[in-house]
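Fold and contact review
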Amino acid sequence: ADDYDAQLEVVRSLKAAGASPTRVKSAAMKLAQLKRATWVPSGTASRKKKRRAAIEAVKEGFDPSEVEKMEAARDAAAVAEYPPRDPPPMDADGFVVSFPPPRVRTAVNTEGAEGGAD
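Residues numbered from 1 in each chain as written. Predicted model: local features only at pLDDT ≥ 70, side-chain atom pairs only at ≥ 80, totals over all residues. Heavy atoms only, no water.

Let's talk about the overall build of the chain
- Secondary structure summary: the chain contains 4 helices and 0 strands in total.
- In sequence order, the chain lays out its α and β elements as α-α-α-α.
- A sequence separation of at least 24 residues applies to 39% of the contacts in the chain between residues at least 6 apart.
- Total accessible area computed for the chain in this model is approximately 10,700 Å², and 56% of it derives from carbon and sulfur atoms. (Helix = DSSP H or I, 4+ residues; strand = E, 2+ residues; numbered from the N terminus. Contact = heavy atoms within 4.5 Å. Areas by Shrake-Rupley, 256 points an atom, 1.4 Å probe, with all protein chains shown as cover.)

Encoded structure:
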């Protein structure tokens, strides 16, 4: 098989038919190559968890078509949406006014100076 899903079915059918471990391993190696070559989204539920959840849902009396819809909704890509950043406060000239401007002080204290240069 040339795509991931078809090769996955090949591996599953070989396991179900009781094929030799070397044959299953070679099919699984090809499956791993196909998986590395394709992008697989992270954060998706594993097949084991999906199957277990589907079995539990059917046991609870859900319609199988509803279970498929629930699985599709759960497997939607998880995209984190962050709120937009608050821009810092700006003055009329476009400078950030988050911090008060520094005060200019003279280096020499001229108040109450005695003496001076003669």
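Observations concerning the packing of helix α1 (residues 4–17) against helix α2 (residues 21–37)
- Running from N to C, α1 and α2 cross one another at 160 degrees; their axes reach a closest spacing of 9 Å. Between α1 and α2, the interaxial angle falls into the category roughly antiparallel. With respect to the hand of their crossing, α1 and α2 are arranged in left-handed fashion. Contact residues: α1 offers Y4, Q7, L8, V11, L14 and K15, while α2 offers R23, V24, A27, A28, K30, L31, L34 and K35.
- In the contact of α1 with α2, the residues fall into 9 nonpolar, 1 polar and 4 charged. (Axes fitted to C-alpha atoms, helices over the stretch in contact; angles between N-to-C directions. Parallel < 35°, antiparallel > 145°, perpendicular 65-115°, else oblique. Left-handed = near helix turned anticlockwise from the far one by under 90°. Nonpolar A, V, L, I, M, F, W, Y, C, P; charged D, E, K, R; others polar.)

Focus on the confidence of the model for the chain
- Mean pLDDT over the chain: 76, with 66% of residues reaching 70 or higher.
- Least confident of the elements in the chain is helix α4 (residues 64–74), whose mean pLDDT is 72; most confident is α1, at 90. (pLDDT = per-residue confidence, 0-100.)

With respect to a positive patch on the surface
- Together, K48, K49, R51 and R52 give the surface a local cluster of positive charge.
- Positionally, K49 belongs in helix α3 (residues 47–59). (Patch = residues over 30% accessible without salt bridge, like charges linked within 9 Å, V, L, I, M, F, W, Y side chains within 5 Å. Salt bridge = Lys/Arg side-chain N within 4 Å of Asp/Glu carboxyl O. Lys, Arg positive; Asp, Glu negative; His and termini not counted. Charge placed at Lys NZ, Arg CZ, Asp CG, Glu CD.)

Structural notes on α1
- Over its 14 residues, α1 extends 20 Å from the first C-alpha to the last, a length consistent with the 20 Å expected when each residue adds 1.5 Å.
- Looking only at α1, the buried set comprises Y4, Q7, L8, V11 and L14. Take α1 and look down its axis: the buried residues cluster within an arc of 125 degrees, on one side only. In α1, the exposed positions angled more than 90 degrees off the buried face are occupied by D5, A16 and A17.
- Of the residues one or two after α1, G18 is the one with positive phi, at around 80 degrees. (Expected span 1.5 Å × (residues − 1). Buried < 20%, exposed > 50% of the residue type's maximum accessible area, 1.4 Å probe, protein only. Arc of directions from axis to C-beta.)

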